[in-house]
Amino acid sequence: MTVTPLGIPRRMLEFTLDGEEARVPEGSTILDACRAAGKDIPTLCEGDTLRPKNACRVCVVEVEGARTLVPACSRKAEPGMAVRTGTERARHSRKVVLELLASSVDLSTTPKVAGWLKEYEAKPDRFGPDAARLNEEPRVDNDLYVRDYDKCILCYKCVDACGDQWQNSFAISVAGRGFDARIAVEHDAPLTDSACVYCGNCIEVCPTGALSFKSEFDMRAAGTWDESRQTETTTVCAYCGVGCNLTLHVQDNEIVKVTSPHDNPVTHGNLCIKGRFGYQHVQNRG
């Protein structure tokens, strides 16, 4: 028998969402309500295992009476509020944000962004070839994962996952100012000289592929990475007795990366270095 913890009952709030009545539990965000209603609101910095950071501003919506657009990922639903998600003002704001991001950052490995660019008719190339970009080579300084700052949108999800929200290693933070700002370890040293414990929880939450498995990075460079040929199998990590769930991503009978289900009550998507990277011993190399 499966026991489902119900927790403390929460009262339901009523408000209008695009002119229709919406009811959500107290404490829900506008984004929660949109998803429950089947509305596709784009978001990049929001993570289901992290507190909202309000960094990307792609999820903005219009709330009646509010002077500015509000981020749906963090704004809590309130009784009687009137929310509109598809107004010209909101859509124009999302379009400009997508254009600014895509003109300065490589979003080629960011899920769904190609569809959003098309949906909002965003034209990043209107800023011209002189639009500032990092143009920095990927940092490959260890055998486990790669840092590609050309793909980083500074959403801070990796900082939060490494910090007080999950790992508490505090190995990474933001270095530099303005356009030179980037995610870095202390003194911008090689990863191997930092406090990083290689749990890979930063990779788990990265929305753009700026942080990726070394195996994925190498396969993409070789042109062999193909998610359509990959299968996913969830199992239990065998290294200790905690009971972490692992999702093995397999292509051509080889494990190419490991993730963890975010709804798992033990790990909430987080793993240690053994669970995340210690799978080589099970490979069938014939």
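Thresholds, definitions, all that
Residues numbered from 1 in each chain as written. Predicted model: local features only at pLDDT ≥ 70, side-chain atom pairs only at ≥ 80, totals over all residues. Heavy atoms only, no water. Core = buried A, V, L, I, M, F, W, Y, C linked by side-chain atoms within 4.5 Å. Buried < 20%, exposed > 50% of the residue type's maximum accessible area, 1.4 Å probe, protein only. Helix = DSSP H or I, 4+ residues; strand = E, 2+ residues; numbered from the N terminus. Contact = heavy atoms within 4.5 Å. Salt bridge = Lys/Arg side-chain N within 4 Å of Asp/Glu carboxyl O. Pairing = 2+ DSSP bridges. Disulfide = S-S within 2.5 Å.

Draft legend 1. Seen up close, the nonpolar core. Tyr145, Cys158, Ile183, Ile203, Leu211 and Val258 are the most contacted members of the largest nonpolar core, which has 30 residues in total. The set of elements that each furnish at least two residues to this core consists of helix H4 (157-162), strand S8 (182-185), helix H5 (201-205), strand S9 (211-213), strand S11 (245-251) and strand S12 (254-259). Among residues more than four places away in sequence, those in contact with Val258 are Phe213, Leu246, Thr247, Leu248, His249, Leu271, Gly275, Arg276 and Tyr279. By size, the runner-up hydrophobic cluster in this structure holds 18 residues, among which are Phe15, Val24, Ile30 and Cys59.

Draft legend 2. Structural view of the pattern of salt bridges. Going through the model one piece at a time under the given rule, you end up with 21 salt bridges. Two residues, Lys39 and Asp18, come together in a salt bridge whose shortest N-O distance is 3.1 Å. In this pair, Lys39 sits in the loop between helix H1 (30-36) and strand S3 (60-63) while Asp18 sits in the loop between strand S1 (12-17) and strand S2 (20-25), placing the two residues 21 residues apart along the sequence. A salt bridge links Glu136 to Arg182, with the shortest nitrogen-to-oxygen separation between them at 2.3 Å. Separated by 46 residues along the polypeptide, Glu136 in the loop between helix H3 (113-119) and strand S6 (145-147) and Arg182 in strand S8 bring together distant segments of the chain. Across this residue pair, the class does not change: Glu136 and Arg182 are buried. Linked by salt bridges that have partners in common, Glu136, Arg139, Arg182 and Asp188 make up one network.

Draft legend 3. Spatial organisation of the sheet that holds S1. Across the sheet, which stays open at both edges, the 5 strands sit in the order S2-S1-S5-S3-S4 with mixed pairing between neighbours. At either end of the open sheet lies a strand with only one pairing partner, and these are S2 and strand S4 (70-71). By the bridge criterion, 2 bridges tie S3 to S4 in an arrangement that is antiparallel. Opposite Val60, over in S4, you have Pro71 as the bridge partner.

Draft legend 4. Up close: the state of the cysteines. Under the counting rule described, the total for this entry stands at 0 disulfides. Sulfur of Cys34: no disulfide; nearest cysteine sulfur belongs to Cys59 and is 9.0 Å away. As a non-bridged cysteine, Cys244 has Cys240 as the owner of its nearest cysteine sulfur, 5.9 Å distant. Residue Cys244 is classed as buried on the basis of its relative accessible area, which comes to 18%.

Draft legend 5. A look at the side chain of Asn142. Tracing the backbone shows Asn142 in the loop between H3 and S6. The exposure class of Asn142 is buried, given its relative accessible area of 9%.

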